[in-house]
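Next come the chains, spelled out residue by residue.
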Amino acid sequence: VQLQASGGGLVQAGGSLRLSCATSGRGYVMGWFRQAPGKDREFVASVVWSGRTTVYANSVKGRFTISRDNAKNTVYLQMNSLKPEDTAIYYCAADQYRLKDPTDVDYWGQGTQVTVSS
């Protein structure tokens, strides 16, 4: 399974960005993790194949929205009200069953840098 992430960039605090992840796989739980400099990789959000169930880290709940378009084999992460502490490399991920911990992940995409300036 291949994952291709895009959409990162530089934005001011309070701004928005949308990340996309195109995948060659079908039927997987898809999600996003992030890793800030000097910190461990952490879970951000996930969505099941049907799109009916989503899970968010507490730190992004209410600000980020994950969604998927299975016809396009693409998962999106809409990030609003961005904060400087959201600055990190964001990684797209896929797993057959669940995504909550980096050890769950079957497949990783390349990272995309998100930088939020204050």
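Quantities reported herein were computed from a predicted structural model and do not represent experimental measurements.

Looking at this structure, how should I read the state of the cysteines?
Simply put, disulfide is the name for a covalent bond between the sulfur atoms of two cysteines. Tallied over the entire structure, the rule returns 1 disulfide. Bridging Cys-21 to Cys-92, the disulfide has an S-S length of 1.9 Å. Residues Cys-21 and Cys-92 are joined by a disulfide whose S-S torsion is about -85°; by sign, that bridge is left-handed. On the criterion of sequence distance, the pair formed by Cys-21 in strand E3 (residues 17–23) and Cys-92 in strand E9 (residues 88–95) is long-range, its members being 71 residues apart. The class for Cys-92 is buried, based on a relative accessible area of 0%.

Can you help me understand the environment of Ala-45 in this one?
Checked against the element boundaries, Ala-45 lands in strand E5 (residues 42–47). Separated by 25 residues in the primary sequence, Ala-45 and Ser-20 place their C-alpha atoms 13 Å from one another. In this structure, Ala-45 is in contact with Met-30, Gly-31, Trp-32, Val-55, Tyr-56, Ile-66 and Leu-77, ignoring residues within four places of it in sequence.

Hey, could you run me through the packing of aromatic side chains in this one?
One pass over the structure, following the stated rule, counts 4 aromatic pairs. Ring geometry for Tyr-28 and Tyr-107: centres 5.7 Å apart, planes at 90°, overall edge-to-face. With Tyr-28 in the loop between E3 and strand E4 (29–35) and Tyr-107 in strand E10 (residues 107–117), this pair connects stretches of sequence that are 79 residues apart. Centroid distance Phe-33 to Trp-108: 5.2 Å. Interplanar angle 65°. Geometry classified as edge-to-face. A residue pair is termed long-range when its members are at least 10 positions apart, and Phe-33 in strand E4 and Trp-108 in strand E10 qualify at 75 residues. You can call Phe-33 buried: its relative accessible area is 0%. Aromatic rings pair up to connect Phe-33, Phe-43, Tyr-91 and Trp-108 into one cluster. Sitting over the ring of Tyr-91, Arg-41 keeps its end group 3.7 Å from the ring centre. Stacked on the ring of Trp-108, the Lys or Arg Arg-41 has its end atom at 4.6 Å from the ring centre.

Please clarify how the sheet that holds strand E7 (residues 64–69) should be interpreted in this entry.
Strand pairing in a sheet relies on backbone hydrogen bonds. The paired strands run either parallel or antiparallel. Taking strand neighbours across the sheet as the criterion, the 4 strands line up as E1-E3-E8-E7 in an open arrangement whose pairing is antiparallel. Each end of this open sheet is capped by a strand with a single partner; those strands are strand E1 (3–6) and E7. Pairs of neighbouring strands in the sheet enclose a mean axial angle of 15°, with direction left out of account. Of the strand pairs in this sheet, E3 and strand E8 (residues 74–79) are connected by 6 bridges, and their pairing is antiparallel. Counted as the bridge partner of Arg-18 is Gln-78 from E8.

Even after reading the chapter, I still don't get the side chain of Arg-68, so can you show me in this structure?
With respect to the helices and strands, Arg-68 occurs in strand E7. It is Asp-69 that comes nearest to the buried, bridge-free Arg-68 among opposite-charge side chains, at 8.5 Å. At a separation of 3.2 Å, a polar atom in the side chain of Arg-68 contacts the main-chain carbonyl oxygen of Val-47. When neighbours within four sequence positions are excluded, Arg-68 is seen to be in contact with Tyr-28, Val-29, Met-30, Val-47, Val-48, Trp-49, Gly-51, Thr-74 and Val-75.

Calculation notes
Residues numbered from 1 in each chain as written. Predicted model: local features only at pLDDT ≥ 70, side-chain atom pairs only at ≥ 80, totals over all residues. Heavy atoms only, no water. Disulfide = S-S within 2.5 Å. Helix = DSSP H or I, 4+ residues; strand = E, 2+ residues; numbered from the N terminus. Buried < 20%, exposed > 50% of the residue type's maximum accessible area, 1.4 Å probe, protein only. Contact = heavy atoms within 4.5 Å. Phe/Tyr/Trp six-rings, centres within 6.5 Å; stacked < 30°, edge-to-face > 60°. Lys NZ or Arg CZ within 6 Å of the ring centre and 35° of its normal. Pairing = 2+ DSSP bridges. Axes fitted to C-alpha atoms, helices over the stretch in contact; angles between N-to-C directions. Lys, Arg positive; Asp, Glu negative; His and termini not counted. Salt bridge = Lys/Arg side-chain N within 4 Å of Asp/Glu carboxyl O. Polar contact = N/O pair within 3.5 Å; in protein donor to acceptor, adjacent residues only side chain to side chain.

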